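# Report on the structure
Here's the letter readout for the chains.
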Protein chains: 2
Amino acid sequence: MNTQRPLEGITVLDFTRIYSGPYCSMLLGDLGAYVIKVEKKGTGDDSRQFRPKPNIKEGSGYTMYLNRNKKSVELDLKDETARGIIYRLCEKADIVLENYAPGVAKKLGIDYDTLKKYNPQIIYGSISGFGQTGPYRNKAAYDIIAQAMGGYMAVTGPKNGMPIKLGTSVGDSCAGLHMAFALMAAMYYRQRTGIGQYIDISMMDSVFATLENHVMIQTMDHITPVRNGNSNQNAVPFNTFRTSDDYVAIAVANDALFEKFAQAIQRPDLLENPDYKTTNNRKLHEDELTKIVEEWTTKHTTKEVCQIFEDYKIPVGPILGIDQLVEDPHILAREMMIEVDHPYGGKIRMPGCPIKFSETKIDHFAPSSALGADTAQVLREIGGYTQKELEDLAEAGIIPR
Amino acid sequence: MNTQRPLEGITVLDFTRIYSGPYCSMLLGDLGAYVIKVEKKGTGDDSRQFRPKPNIKEGSGYTMYLNRNKKSVELDLKDETARGIIYRLCEKADIVLENYAPGVAKKLGIDYDTLKKYNPQIIYGSISGFGQTGPYRNKAAYDIIAQAMGGYMAVTGPKNGMPIKLGTSVGDSCAGLHMAFALMAAMYYRQRTGIGQYIDISMMDSVFATLENHVMIQTMDHITPVRNGNSNQNAVPFNTFRTSDDYVAIAVANDALFEKFAQAIQRPDLLENPDYKTTNNRKLHEDELTKIVEEWTTKHTTKEVCQIFEDYKIPVGPILGIDQLVEDPHILAREMMIEVDHPYGGKIRMPGCPIKFSETKIDHFAPSSALGADTAQVLREIGGYTQKELEDLAEAGIIPR
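Turning our eyes to something else, we now look at helix α13 (residues 302–311) of chain B. Residue and element names in this part refer to chain B. Along α13, the positions that sit buried rather than exposed are Thr302, Val305, Cys306 and Phe309. Viewed along the axis of α13, the buried residues span an arc of 100°, placing them on a single side of the element. Among the exposed residues of α13, those pointing more than 90 degrees away from its buried face are Lys303 and Asp311. Elements that come into contact with the buried residues of α13 comprise β8 (247–251), α10 (255–264), α12 (286–297) and β9 (316–318).

Following this line, the structure appears as structure tokens:
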């Protein structure tokens, strides 16, 4: 096992706030990049005021998780001297990341065209709700708007019921993930050609791009996909079902599994019924079959259903709660819950990194910083500022004391 | 604008099926990688038999979309000679990608330890439901199981209602996106160190890693996040609301927006009511305020609500259907709907690439291949096979004629 992490040597100048950008730069930081989080003077990232434990200076639980492995630099970007600091840091950066509304970066003098003058090879990524081009580019966006306008909500929710959004900001994480990949692709390209570039990723595009085959069913079958609860397009029983104490997810994907299923619920007679013989017939008779399944599942606890089906190698799973997940033996074995000894919070438990490398173990998780705590260090290490310059900047109130 | 795409020069040996892996390798192919899709002899990727327009040989709409920009090589991996072909191709590959159940790649003789012997610098990515380690590693997984066991369904659905999964396989796309980033990070690392490696990514980990702050609310506030419809943790009104003809998403994120909102619905009196003065108070009186909002929204169409709120710069959006999205002016302007002239389907409309580069436009979309159509070409181009060798292999029935 190698001690060096994959992205060591990459410097990221990160202007992003809340979730889409910070998730992207957390991935870069977890893998070893030197991430400089530039935060608004006085208040910093808005999510410092989010649950749990809002705290502007020391950081909330939200920022302690998403801003680990990042340096906090506190600057007022409206100040000319502060902008000069950004330009000097930019000369040493490989990547710039921002998720302002389109146009704001330009107003602040940190847009691609400006920063490119200081570092022609810079790779600059912008994440926004609708992107930098197109008729909706200036629409205000939050995750719920991206999930509504990108297509997720049209196909999510109870059959004939209201549209439902995923209960976490997947429009943000999905855009952040596309950006993380795009930034590394641009790094690879730059290593070969010396050419940097600008990357424009939107939440609406990212949501729309991950609709699996829904768009193709529209364009080729001319059938409009609708909300259909948790039932599967083709297979039955492939859904969530009530149990005596909760729900259970069951995925009987094919005829072979249905044979096992009929045995598991001690209803071999179902195999004799032509209505249930093939996947297509089971789909045609989904309502009756669902009744039969729930007659059985509701007589058992979720735990019992899972045990019985697992013995038959039938894909099954409980709806795990967040309280169960943070103690789940598999999540723990996968190191998906880590503990960070935090100067402001003691031992903080948070999600780990879902990327597992054989040669470059991802196990370095530096605690998130207090607002602006790393300003002088970053200016010295990356900007090459002298002690005298730093003292003058602190004296003038440009950087924190 | 440069004509070379960012990942040109990278060769990918892709054993993945259906969605998680193919979405990952589609991103690599769209960005210029040479992707060799190795398909099962006779039937190929199972998704060739999925909607729309199932067709094993020519491909379904599902495979036409997700397997554009890929070569199709048809081989029986259980055959020793066919495995020999894989080893010879592997010598020239940079990346190997697979999403079999853990253990299957080893049975087929295409696992990391085996392929590393033929190419010590290979970067090998495995996507699975639960990963290669941990107590659940051998559990059968489908997207619904990953969404159920990873935490999404615990927080998705109507308040006090049933758990709902996102209506598209986000467990797959989220894992594929983490892998696409991880593969490029490993490429960057290999360029610097010459060291290849193995990457293990699971759907459950990927879902759990994208729960935003839900895990932190559990570990720091000891409050278990639950299903809460579309309402926001903090802000009100920040939800979906009924209109006279459908629903609308509204995001009044702060007090300034609420003032505009009260004016927009001509209820300035709400600003005088202490119950609605601050975000916290509005949250405490969410039910009453929601009634007031829907009294107004249900008197207007979604289109009217959107127009009125946009004039006030209040974040708002309709729940766009897939039928609307494929003709949406913004989606079209963003080139998120492309047309591929397909030898087997005429002009096929499908989603474009959500990554927009300034220097390396992503506009090359080669149609997906018939099953095995590129076998000889790939063996010649990448494996260096002679015409004689190819004829003998076809003669022996190892590769298609």
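After presenting the structure, the write-up continues.
Looking now at the pairing of strand β5 (residues 123–128) of chain B. Residues and elements named next belong to chain B. Counting buried positions along β5 yields 6 of 6 residues, so the element is predominantly enclosed. Burial along β5 is two-sided: the face carrying Ile123, Gly125 and Ile127 and the face carrying Tyr124, Ser126 and Ser128 are both buried. Note that strand β4 (residues 95–98) and β5 share 4 bridges and pair parallel. Within β5, the position partnered with Glu98 by the bridge is Ser126. Pairing analysis gives 5 bridges linking β5 to strand β6 (residues 198–202), with the strands arranged parallel.

Bringing the packing of aromatic side chains into the picture now. All names here are of chain B. Counted under the stated rule, the structure contains 22 aromatic pairs over all chains. A ring pair is formed by Phe261 and Phe309, whose centres lie 5.4 Å apart and whose planes are at 55°; its orientation type is tilted. Of the two residues, Phe261 sits in helix α10 while Phe309 sits in helix α13, which places them 48 residues apart along the sequence. Phe309 sits in the buried class, given a relative accessible area of 0%. The ring of Tyr385 has Arg88 sitting right over it, with the charged end atom 3.6 Å from the ring centre.

A full pass over the atoms with the stated rule returns 40 salt bridges over all chains. The residue Glu389 of chain A makes a salt bridge to Arg88 of chain A at a minimum N-O spacing of 3.1 Å. Of this pair, Glu389 of chain A sits in helix α17 (residues 387–395) while Arg88 of chain A sits in helix α3 (residues 80–90); the two residues are 301 residues apart in sequence, bridging distant segments of the chain. Here Glu389 of chain A falls in the partly exposed class, since its relative accessible area comes to 29%. Judged by its relative accessible area of 24%, Arg88 of chain A falls in the partly exposed class. By sharing partners, the salt bridges in this structure join Asp200 and Asp205 of chain A together with Arg334 of chain B into a single network.

Adjacent strands of a sheet pair through backbone hydrogen bonds, lying either parallel or antiparallel. All names here are of chain A. Sheet architecture is open: 3 strands sit in the order β7-β8-β9, paired in antiparallel fashion. Of all the strands in the sheet, the pair left with one neighbour each is β7 (238–242) and β9 (316–318). Going across the sheet, the axis of each strand differs from the next one's by a mean of 20°, ignoring polarity. Where β7 and strand β8 (residues 247–251) come together, 5 bridges link them in antiparallel fashion. Looking across to β8, one finds that Phe238 is bridged to Ala251.

All right, on to the domain arrangement of chain A then. Assigned domains within chain A: domain 1 (11–209 + 331–395) and domain 2 (238–242 + 247–318). Centre-to-centre separation of domain 1 of chain A and domain 2 of chain A, based on C-alpha positions: 44 Å.

Thresholds applied
Residues numbered from 1 in each chain as written. Chains lettered and ligands numbered in written order. Predicted model: local features only at pLDDT ≥ 70, side-chain atom pairs only at ≥ 80, totals over all residues. Heavy atoms only, no water. Buried < 20%, exposed > 50% of the residue type's maximum accessible area, 1.4 Å probe, protein only. Helix = DSSP H or I, 4+ residues; strand = E, 2+ residues; numbered from the N terminus. Arc of directions from axis to C-beta. Contact = heavy atoms within 4.5 Å. Pairing = 2+ DSSP bridges. Phe/Tyr/Trp six-rings, centres within 6.5 Å; stacked < 30°, edge-to-face > 60°. Lys NZ or Arg CZ within 6 Å of the ring centre and 35° of its normal. Salt bridge = Lys/Arg side-chain N within 4 Å of Asp/Glu carboxyl O. Axes fitted to C-alpha atoms, helices over the stretch in contact; angles between N-to-C directions. Domains from an automatic or database assignment.

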